[in-house]
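# Observations on the three-dimensional arrangement
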Amino acid sequence: MADIYLDNNATTRVDEAVVAAMLPFFTEQYGNPSSMHGFGDKVGRALRQARVQVQTLLGAAHDSEIVFTSCGTESNSTAILSALQAYPERREIITTTVEHPAVLTLCQHLEQSEGYTVHYLKVDKQGRLDLDAYRAALSPRVAVVSVMWANNETGTLFPVREMAELARSAGVLFHTDAVQAAGKIPLDLKSTAIDMLSLSGHKLHAAKGVGVLYLRRGVRYRPLLRGGHQERGRRAGTENTAGIVGLGVAAELVQQHMEYANTVVCRLRDRLEQGIIAQVPNCFVTGDPHNRLPNTANIAFEYIEGEAILLLLNKAGIAASSGSACTSGSLEPSHVMRAMDIPYTAAHGTVRFSFSRYNTADEVARVVEAVPPIVAQLRKLSPYWDGNSNGPVRDPQQAFAPSYA
Ligand SMILES: *Cc1c(COP(=O)(O)O)cnc(C)c1O
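Fair warning: this is a prediction, and the values are worked out from it, not measured in the lab. (Residues numbered from 1 in each chain as written. Predicted model: local features only at pLDDT ≥ 70, side-chain atom pairs only at ≥ 80, totals over all residues. Heavy atoms only, no water.)

### Thoughts on empty space enclosed by the protein
In this approach a probe as big as a water molecule rolls over the atoms, and the regions it shows empty are the leftover space. Counted according to the given criterion, the structure contains two cavities of 30 Å³ or more. In this structure, the largest cavity spans a volume of roughly 210 Å³. Per element, the largest residue contribution to the lining of the largest cavity is three residues, and it comes from helix α8 (residues 258-279). When grouped by side-chain class, the residues that make up the lining of the largest cavity number eight nonpolar, seven polar and three charged. The residue makeup of the lining of the largest cavity includes at least three contributed by each of domain 1 (16-256) and domain 2 (258-398). One number sums up the size of the second largest cavity: a volume of about 30 Å³. Among the residues making up the lining of the second largest cavity, the classes are represented as four nonpolar, four polar and no charged. (1 Å grid on protein atoms, 1.4 Å probe; cavity = no way out; pocket = protein on both sides within 12 Å on 5 of 7 lines; lining within 4 Å. Points joined across faces, edges and corners; volume = space filled by probe spheres on them. Helix = DSSP H or I, 4+ residues; strand = E, 2+ residues; numbered from the N terminus. Nonpolar A, V, L, I, M, F, W, Y, C, P; charged D, E, K, R; others polar. Domains from an automatic or database assignment.)

### Considering the site of the ligand
Not every one of the 13 residues close to the ligand is listed here, only the nearest: T73, D177, Q180, S200 and K203. Note that an oxygen atom of the ligand is positioned 2.6 Å from one of the side-chain N or O atoms of T73. A distance of 2.8 Å is found between an oxygen atom of the ligand and a side-chain nitrogen or oxygen belonging to K203. Bound to the protein, the ligand loses 90% of the 380 Å² it would expose on its own. Among the elements that take part in the shell around the ligand, helix α3 (residues 72-86) stands out by supplying three residues, more than any other. Along the lines of polarity and charge, the residues of the shell around the ligand split into three nonpolar, eight polar and two charged. (Near = heavy atom within 4 Å. Polar contact = N/O pair within 3.5 Å; in protein donor to acceptor, adjacent residues only side chain to side chain. Areas by Shrake-Rupley, 256 points an atom, 1.4 Å probe, with all protein chains shown as cover.)

### Comments concerning the sheet that holds strand β6 (residues 173-177)
Read across the sheet, seven strands follow the order β2-β8-β7-β6-β5-β3-β4 without closing on themselves; strand pairing throughout is mixed. If you trace the sheet from one side to the other, it starts and ends with β2 (66-69) and β4 (117-121), each paired once. The average undirected angle you get between the axes of adjacent strands in this sheet is 20 degrees. Here strand β3 (residues 92-96) runs beside β4; their pairing, made up of five bridges, is parallel. Bridge pairing in β4 links I93 to V118. Running at roughly 160 degrees to β6, helix α6 (residues 160-169) makes contact with β4, β5 (142-146) and β6 of the sheet. (Pairing = 2+ DSSP bridges. Axes fitted to C-alpha atoms, helices over the stretch in contact; angles between N-to-C directions. Contact = heavy atoms within 4.5 Å.)

### Details of helix α4 (residues 101-114)
With 14 residues, α4 should cover 20 Å at 1.5 Å per step; its first-to-last C-alpha distance of 18 Å lies within 8% of that length. Among all positions in α4, only A102, V103, L104, L106, C107 and L110 are buried. (Expected span 1.5 Å × (residues − 1). Buried < 20%, exposed > 50% of the residue type's maximum accessible area, 1.4 Å probe, protein only.)

### Quick look at the nonpolar core
Among the nonpolar cores identified, the biggest contains 70 residues, and L58, Y134, V145, W149, F174 and L197 are the most heavily contacted of them. The biggest single contributor to this core is helix α7 (residues 241-256), with nine residues. Here this core gathers at least three residues from each of two domains, domain 1 (16-256) and domain 2 (258-398). Each residue touching L58, except ones within four places of it in the same chain, is listed here: I66, L187, D188, L189, L197, L199, V212 and Y214. Counting 29 residues, the second largest nonpolar core, distinct from the first, contains I276, L312, V367 and V368. (Core = buried A, V, L, I, M, F, W, Y, C linked by side-chain atoms within 4.5 Å.)

### Quick look at the side chain of T11
In this structure, T11 sits in the loop between β1 (4-5) and α1 (16-22). At 3.2 Å, the side chain of T11 and the side chain of K208 are in polar contact. Setting aside residues up to four positions removed in sequence, T11 forms contacts with Y5, H202, K203 and K208.

### Quick look at the packing of aromatic side chains
This structure, assessed with the given rule, holds two aromatic pairs. For the ring pair Y303 and W385, a centre distance of 5.7 Å and an interplane angle of 45 degrees mean the geometry is tilted. With Y303 in the loop between β10 (296-301) and α9 (306-315) and W385 in strand β13 (residues 385-386), this pair connects stretches of sequence that are 82 residues apart. For the pair shown, Y303 and W385 are each scored as buried. Here R91 stacks its cationic end above the ring of Y116, 4.1 Å away from the centre of that ring. Over the ring of W385 we find R379, and its NZ or CZ is 4.2 Å from the ring centre. (Phe/Tyr/Trp six-rings, centres within 6.5 Å; stacked < 30°, edge-to-face > 60°. Lys NZ or Arg CZ within 6 Å of the ring centre and 35° of its normal.)

### Describing the sheet that holds strand β9 (residues 283-285)
Taken together, the three strands give an open sheet; going across it, the order is β9-β10-β12, and neighbouring strands pair in antiparallel fashion. Taken across any chain shown, the strands that pair with only one partner, and hence form the sheet edges, are β9 and β12 (350-354). Direction aside, the axes of adjacent strands within the sheet are offset by 25 degrees on average. Of the pairings in the sheet, the one linking β10 to β12 comprises five bridges and is antiparallel in character. Considered in β12, the bridge of N298 is made with R352. Each of β9, β10 and β12 touches α8; the most contacted strand, β10, lies at about 15 degrees to it. Here α9 sits on the sheet in contact with β10 and β12, set at roughly 45 degrees to β12.

### Considerations on the domain arrangement of the chain
Per the domain assignment, the segments making up the chain are domain 1 (16-256) and domain 2 (258-398). Placing the centre of domain 1 and that of domain 2 at their C-alpha centroids yields a distance of 30 Å. The partner domain 2 presents 26 residues to the 30 residues of domain 1 that form the contact. Summed over both sides, the interface of domain 1 with domain 2 buries roughly 2300 Å², with 55% coming from carbon and sulfur. For the domain 1 face of the interface with domain 2, the top three residues by lost area are E153, T154 and K184, together amounting to 30%. The interface formed by domain 1 and domain 2 includes one salt bridge. For K125, the salt bridge goes to D341, with nearest N and O atoms at 3.3 Å. One can count twelve residue pairs in polar contact (both at pLDDT 80 or more) joining domain 1 with domain 2. With four residues, α7 is the largest single contributor of residues to the side of domain 1 that touches domain 2. Counted by class, the side of domain 1 that touches domain 2 contains eleven nonpolar, 13 polar and six charged residues. (Buried area = accessible area lost by both parts, 1.4 Å probe. Salt bridge = Lys/Arg side-chain N within 4 Å of Asp/Glu carboxyl O.)

Listed below in C-alpha cells is the structure:
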C-alpha cells in the first residue's frame, strides 16, 4: 500500500504540470532575463507571465506589486526589515504569539539585539486574537504590524482584513504572512488595506526555493538584497527562472482547485476528525472550529506524546506532524499550543493532519482505522492513563506537575 501524506502544511508535492513547465528553463531556455538577446528575452516573457499569474491569485491591482524571492522566510524578513528602515524613528512592532518562527525568531532578535519593542498579541483557548489589545497597541510609534493570515499548526484564520484597515487608519504599515492561506482561501488584495504579503511556492505545489513578496504600490520600501536591477531593484540576484515559471503555473492551478479544496478536501478533513473523535476518548480538535483553513486538522490526544504517535503512524505508512517545535530533545510543547493555553496533559499530544488535493477518501479511512489502536497502545504505557478504568489516572495534574514546571 502506498504511503499516505498528510503533512501538506510542511510542504507539498510539486504538480506534474508545474514540473513540465519548469523543465525547459533548465535546458533550452537557460538565458538570463536581464540579457539583451533572444535567449534572455524569451525567459523575460515567461517571468512576466508568471507575475500576472501570481497577481491573479492574490487579486492584486498591478503585476508590478509582485516581487519574486527565494522563500516565505525571505519575504517575511524583507517586509519587516524594510518597514523598520523606511520608518527609522518608529521603534515598535506588533505581531502575535503564534506566528511562524520565520516571523517570531526575527522579532525576538530585533527585540533582544536591536532594542525594538515588540507587542506580541495573545490568543484565547481557540486561538483567536484579542482585537482590543491590538487597537491599544497601534500608535505612531509602530513601524509595522505583522500578523499571519492562517496559522500553520491549527489552520485558524485571523481577521487580517479588519486588522489592516485599523493599521491604515493609524498610519501603520500592515504585513501578513499568507504562506498557509494562499491558494486555500480567496485573498483579493485589491479590496483590502494590506500593504505587504508573503507567499511560498512549496506550500502550494510549486518548487522549494521560490517565494513572493507582495508590495502595494506606493508603500515605502527598502530592499534586503542590494545589487543588480532585478525585480525593479527591489530584490537583487539573478532570478530563479524555473522556480518562478513553476510558481506561476501552480498559482493558476490552486485557483482552479480552490472550490474543490473547500468542498471535497474539507469534507475529507472533517471525516478524519469525526472518525477519530468518535472512537478515541480524551481527544479534541484545537483551534477555531468556525474559522479555519479547509485542509488542517490539529488533534490533541491527552496523556500521550505526539512524537510517539507520529512514530507509530510513520510505521503504518502515514506521514503527519506533531505541530510541536520538536527541536531535538525539547520537551516543551509547541509555542502555539502554549499560547492557546492548551492543558499540558494535551499540549504534548497534538498531531497535525494537513491535506492537499491529492488525498483520497480511502486514505482517510485507513488513517481513521490506524489511529485508535495506536493511541490505545501508547496510553497503556502512559503513567497518566489508567488501563482498568480506561481513563486518566485520578489526579493527572499531580502526576504531571513536577516534571512540567
Ligand atoms: C512554511 C511557512 C513559512 C516559511 O516558508 P519557507 O518558504 O519555507 O521559508 C512561513 N510562514 C508560514 C505560516 C509557513 O507555514
